[in-house]
Amino acid sequence: MFKLFQNLHNSLAAKLILSVGIVLLVTIATWAFFNIRYQKEKMMKNMVAGTDRLTNTIRLGTHYAMMLNSRDEINQIINNISRQPEIKNIRIYNKEGEIKYSNNPNEVEKTTNIKAEACHICHRTDPPMTSVPLEERTRIFSAQTGYRLLGIISPIKNEPGCSTGDCHVHPEDKQILGALDVVISLENTDREITMEERGIIALAGFVFLITSMIILVFVLRFVNQPIKRLIDGTRLIARGDYASKVKLHQTDELGQLATAVNQMSDDIATSQRELNNQRDEYQNLFERVPCLITVQDHNYRLLRFNREFSKRFAPTPDDWCYHAYKGRTEKCVSCPVEKTFADGLSHQAEESGVDKDGSPKHWLVRTSPIKNSDGEIVAAMEISLDITQRRQLEVDLQTSEKKYHAIFSNIPNPVFVLDMETLQILDCNQSVMPVYGFTVDELIGRSFMTLFHPDEQDHYAFKVATSSVINQARHLDRDGKGLFVNIRISPSEYSGQKVLLVTTSDITKRLETEQQLIQASKMATLGEMATGVAHELNQPLSVIKTVSSFFMKKLGAHEPIAEDILSNMLGKVDSNVDRATRIINHMRQFARKSDMEMVMVQLNDVLKSAFEIFSQQLKVRGIQVAWEIDETLPRIHGDPSRLEQVFINLLLNARDAIESHWGDRPDDGAQPDKRIHLWTGTQGKVVVCRVCDTGTGIPENMVEKIFEPFFTTKEVGKGTGLGLSISYGIVKECGGTIEAVSHAPHGTCFVLRFPVIDDSPEKDAAATL
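As the structure is a computational prediction, the values presented were derived from the model and not from experiment.

Asks: Break down the overall build of the chain for me, citing the residues and quoting the values.
Replies: Along the chain, the regular secondary structure elements total 23 helices and 22 strands. The proportion of buried residues among the 769 residues of the chain is 35%. For the chain, long-range pairs separated by at least 24 residues make up 55% of all intrachain contacts whose partners lie at least 6 apart in sequence. Accessible surface, the chain: about 45600 Å² in total, of which carbon and sulfur atoms supply 55%.

In structure tokens:
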């Protein structure tokens with residue numbers, strides 16, 4: 001028995017049959033499993049759909065009787081439908097869980113637990129759900145007799161007719177009146193599923209047996225017998241019988257293998273003849289090769305040596321290796337020849353000594369064993385290559401590299417050496433570890449572009465290859481966490497090839513601080529804008545209130561409303577709802593925290609969007625706004641949301657300055673000049689915007705400090721001192737400038753300047769890159 005098992009274990013045909021049989025069995029079993037599961041799911045879906053249709057039929061059939069509150073007719077309908085053999089229960093619950101109608105009279109007027117299985121579907125939340133999907137309203141459970149039951153519970157919703165009936169009245173706000181629960185038997189369905197399972201399993205077994213027999217016959221005929229012939233033929237070749245051939249009359253892969261074995265036999269015979277010829281040739285090479293070659297015995301005596309060794313050291317007959325090389329009287333401490341005799345392997349080492357003229361020399365030594373026909377090591381061959389000049393160059397190079405690595409490694413910022421063509425990282429310093437989390441070995445060989453987000457790699461690949469500075473680029477660390485860096489790029493040379501020397505500076509914390517300050521300023525601005533937003537929302541609400549009061553009055557007096565008046569008023573309600581929605585969406589977008597996103601911007605649009613929130617507020621305060629804008633203003637490059645924050649800060653400051661100036665003046669009978677002047681235009685290749693007010697103005701000694709963080713001219717508690725400082729930073733990031741100048745006869749002007757961006761497609765494409 002053991003021998004039979006061992007023969008099967010060593011048989012390729014047995015392994016092939018077994019592996020194919022296992023794969024076939026697993027495949028057929030998998031097919032049978034999924035087919036059975038599919039049939040089960042299909043039949044259950046059909047039953048659920050049929051039961052759901054039956055539920056709808058019962059609900060629709062009893063609808064009219066429920067509207068009339070005809071209990072006898074409802075009971076008759078339920079009893080008639082429940083006579084079908086597969087229907088087990090039909091119940092109608094009211095909202096308190098009391099069974100009002102049932103095909104089982106004993107259940108009527110009984111109250112079920114509201115948290116029971118059927119009711120829990122809707123009553124698991126408080127208040128109960130009014131709409132539940134079909135799959136959640138379906139339940140399957142076992143009957144006492146052993147077969148399964150399928151139940152579907154459906155809500156009975158309140159309809160307009162229920163609230164207007166004469167005697168069957170339900171309040172309009174009561175959405176669900178009760179529930180219809182239908183339970184049917186799955187006994188026949190389970191019987192059909194069992195028959196399907198047995199049929200599929202029987203078919204799978206039959207297919208497996210037939211296929212296995214076919215595979216067995218095929219493997220024995222076309223695999224097992226040809227392999228035996230190939231084994232016999234290769235054994236003959238191993239014994240040196242190159243004339244015998246493997247006879248196999250097949251054209252498949254095994255036939256091709258037999259042809260290859262016969263060809264191998266012919267090639268071995270030819271190679272054997274050539275080997276004898278090459279032996280003589282190698283003897284000549286041994287003498288003429290320019291490196292040092294010696295053959296040594298176990299005592300390290302020189303059995304043979306070539307001409308180069310003889311010319312270099314002039315050894316005496318039966319000289320020792322260590323004496324001829326180094327003039328030593330004993331074996332070297334670390335000898336590669338000794339190691340070769342010990343383990344029979346080749347070894348390599350570097351040796352130092354003196355030439356016969358006394359000059360120091362360095363050699364690269366490699367040894368290999370020489371064996372007899374019995375496989376015993378009888379000698380060792382040692383080949384030595386003079387590397388004195390290379391050694392000196394290595395010493396000089398190491399000195400230079402130490403100096404380079406000392407500078408390179410001690411730079412506090414991450415430094416990368418990139419291939420100029422592929423942007424592959426050739427080298428980097430140790431500073432990459434604290435910034436990116438990668439070790440140097442993990443980064444070397446990777447593309448530098450993998451540090452960028454996948455969606456931005458193509459965009460930054462062009463910039464890295466063509467720019468010298470990239471500001472606020474987003475990188476990813478080892479954990480995929482984003483960080484922002486400034487990148488400096490310069491061409492250089494590294495190991496004889498042109499490279500890019502890239503230095504990155506982590507500015508993530510600085511940007512996070514700036515973002516927090518910007519968001520804090522937004523929140524402070526929103527607080528100051530609260531009153532204005534209330535005024536903006538009050539007008540559309542007043543219109544809606546007026547229209548609704550008019551309609552209520554007409555309806556209360558039972559008076560008809562003319563169609564044109566109805567259309568006109570509803571149109572006003574619709575437009576004012578849209579207006580309130582726009583105001584709320586505008587405030588929500590303004591308050592949302594967002595990253596800097598530079599796009600092409602029309603400055604007039606941003607200015608109008610910022611002013612939209614303040615229009616009603618300024619009107620209530622009696623502040624006039626004078627517009628003088630150039631409608632053909634060219635576009636600039638900036639972030640619309642942040643530029644809007646700049647204009648909102650300027651309008652808030654203008655409002656407060658006007659209120660402070662004219663509110664504190666004594667009433668001398670003169671008309672107050674409460675006015676904000678908004679002006680846009682161009683000056684050459686620059687877009688200019690002025691925001692001027694007639695407020696208190698800024699003293700000359702404070703103009704230079706006005707953009708400093710936390711500096712404010714307002715009273716304590718009325719300003720954070722962040723608005724103008726953050727506005728200054730936002731304008732700078734958009735490539736512009738902002739300054740404050742006096743506005744005669746009183747007040748202040750803030751002047752913003754931005755470079756014009758060419759709108760041509762070529763320029764836009766270049767700007768995107």
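Asks: Describe the nonpolar core, naming the residues involved and giving the relevant values.
Replies: When a protein is soluble and globular, its nonpolar side chains tend to lie buried together. Core analysis: the biggest nonpolar cluster contains 37 residues, and Leu603, Leu643, Phe647, Leu650, Ile676, Leu752 and Phe754 have the highest contact counts within it. Elements supplying a minimum of two residues to this core: helix 19 (603-612), helix 21 (640-664), strand 19 (675-683), strand 20 (686-693), helix 22 (723-733), strand 21 (737-742) and strand 22 (748-755). Counting residues in hydrophobic clusters, the runner-up holds 24 residues, among them Phe438, Tyr460, Leu483 and Val502.

Asks: So what's going on with the sheet that holds strand 9 (residues 360-371)? Which residues, and what values?
Replies: Reading across the sheet, the five strands line up as 7-6-10-9-8 and stay open at both edges, with antiparallel pairing between neighbours. Whereas interior strands pair on both sides, the edge strands pair on one side only; in this sheet they are strand 7 (302-305) and strand 8 (347-354). Neighbour-to-neighbour, the strand axes of this sheet turn through a mean angle of 30°, independent of strand direction. The pairing of strand 9 with strand 10 (residues 377-386) spans nine bridges and is antiparallel. Within strand 10, the position partnered with Ile370 by the bridge is Ala379. Contacts between helix 9 (residues 253-288) and the sheet are confined to strand 6 (292-296) and strand 7, with strand 7 contributing the most and set at about 95° to the helix. Relative to strand 9, helix 13 (residues 388-410) is tilted by about 120°, and along the sheet it contacts strand 8, strand 9 and strand 10.

Asks: Got a sec to walk through the pairing of strand 3 (residues 138-142)? Specific residues and values, please.
Replies: In summary, the side chains of a regular strand alternate between the two faces of the sheet. Where strand 3 and strand 4 (residues 148-157) come together, five bridges link them in antiparallel fashion. Bridge assignment links Ile140 to a residue of strand 4, and that residue is Leu150. Counted along the chain from strand 3 to the antiparallel partner strand 4, the turn is five residues long, and its residue Gly146 has a positive phi close to 115°.

Asks: For helix 8 (residues 187-238), give the residues involved together with the corresponding values.
Replies: In a regular helix each residue adds 1.5 Å, so 52 residues correspond to 76 Å; helix 8 covers 73 Å between its end C-alpha atoms and thus fits that length. The largest bend along helix 8 reaches roughly 35° and is located at Leu220. By the burial criterion, the buried members of helix 8 are Thr189, Asp190, Ile193, Ile200, Ala204, Val219, Val223, Asn224, Pro226, Leu230, Gly233 and Ile237. Positioned one or two residues after helix 8, Gly240 has a phi angle of 95°, which is positive.

Asks: Describe the state of the cysteines, with residues and values.
Replies: What the rule picks out here adds up to one disulfide. Put simply, Cys692 and Cys749 are joined by a disulfide, and their sulfur atoms are 1.8 Å apart. Taking the torsion about the sulfur-sulfur bond, which here is approximately 105°, the covalent link between Cys692 and Cys749 counts as right-handed. Taken together, the residues Cys692 in strand 20 and Cys749 in strand 22 connect sequence positions 57 residues apart.

Asks: Account for the side chain of Ser102, naming residues and giving values.
Replies: Relative to the elements of secondary structure, Ser102 occurs in strand 2 (residues 99-102). From its side chain, Ser102 meets the backbone nitrogen of Asn104 in a polar contact 3.1 Å long. Engagement of the side chain of Ser102 in a polar contact is seen with the side chain of Glu107, the distance being 2.9 Å.

Asks: I'd like to hear about the packing of helix 8 against helix 9, residue by residue, with values.
Replies: Look at helix 8 against helix 9: their axes get within 10 Å of each other, and the N-to-C directions meet at 5°. Considering their axes alone, helix 8 and helix 9 lie roughly parallel with respect to each other. Facing helix 8, whose interface residues are Phe222, Val223, Pro226, Ile227, Leu230, Thr234 and Ile237, helix 9 presents Leu254, Leu257, Ala258, Val261, Met264, Ser265 and Ile268. For the contact of helix 8 with helix 9, the residue count by class is twelve nonpolar, two polar and no charged.

Asks: Before we move on, could you go through unusual backbone geometry and cite the residues and values that matter?
Replies: Not every positive phi belongs to a glycine, and Tyr300 is a case in point at roughly 70°. Mapped onto the secondary structure, Tyr300 falls in the loop between strand 6 and strand 7. For Gln472, which is not glycine, the phi torsion reads 55° and is therefore positive. Topologically, Gln472 is positioned in strand 13 (residues 469-476).

Asks: Outline the packing of aromatic side chains, listing residues and values.
Replies: Applying the stated criterion to the full structure yields eight aromatic pairs. Ring plane angle 20° and centroid distance 6.4 Å describe the contact between Trp320 and Tyr322, whose orientation is recorded as stacked. Accessibility expressed as a relative area gives 32% for Trp320, which makes it partly exposed. Judged by its relative accessible area of 12%, Tyr322 falls in the buried class. Members of the aromatic cluster, each reached through a chain of ring pairs, are Phe416, Tyr436, Phe448, Phe452 and Tyr460. The ring of Phe438 carries the charged tip of Arg446 above its face, separated from the ring centre by 4.7 Å. The side chain of Arg690 reaches across the aromatic face of Trp679, ending 4.4 Å from its centre.

Reading guide: rules and limits
- Residues numbered from 1 in each chain as written.
- Predicted model: local features only at pLDDT ≥ 70, side-chain atom pairs only at ≥ 80, totals over all residues.
- Heavy atoms only, no water.
- Helix = DSSP H or I, 4+ residues; strand = E, 2+ residues; numbered from the N terminus.
- Buried < 20%, exposed > 50% of the residue type's maximum accessible area, 1.4 Å probe, protein only.
- Contact = heavy atoms within 4.5 Å.
- Areas by Shrake-Rupley, 256 points an atom, 1.4 Å probe, with all protein chains shown as cover.
- Core = buried A, V, L, I, M, F, W, Y, C linked by side-chain atoms within 4.5 Å.
- Pairing = 2+ DSSP bridges.
- Axes fitted to C-alpha atoms, helices over the stretch in contact; angles between N-to-C directions.
- Expected span 1.5 Å × (residues − 1).
- Bend = angle between axes of the 7 residues up to and from the residue.
- Disulfide = S-S within 2.5 Å.
- Polar contact = N/O pair within 3.5 Å; in protein donor to acceptor, adjacent residues only side chain to side chain.
- Parallel < 35°, antiparallel > 145°, perpendicular 65-115°, else oblique.
- Nonpolar A, V, L, I, M, F, W, Y, C, P; charged D, E, K, R; others polar.
- Phe/Tyr/Trp six-rings, centres within 6.5 Å; stacked < 30°, edge-to-face > 60°.
- Lys NZ or Arg CZ within 6 Å of the ring centre and 35° of its normal.

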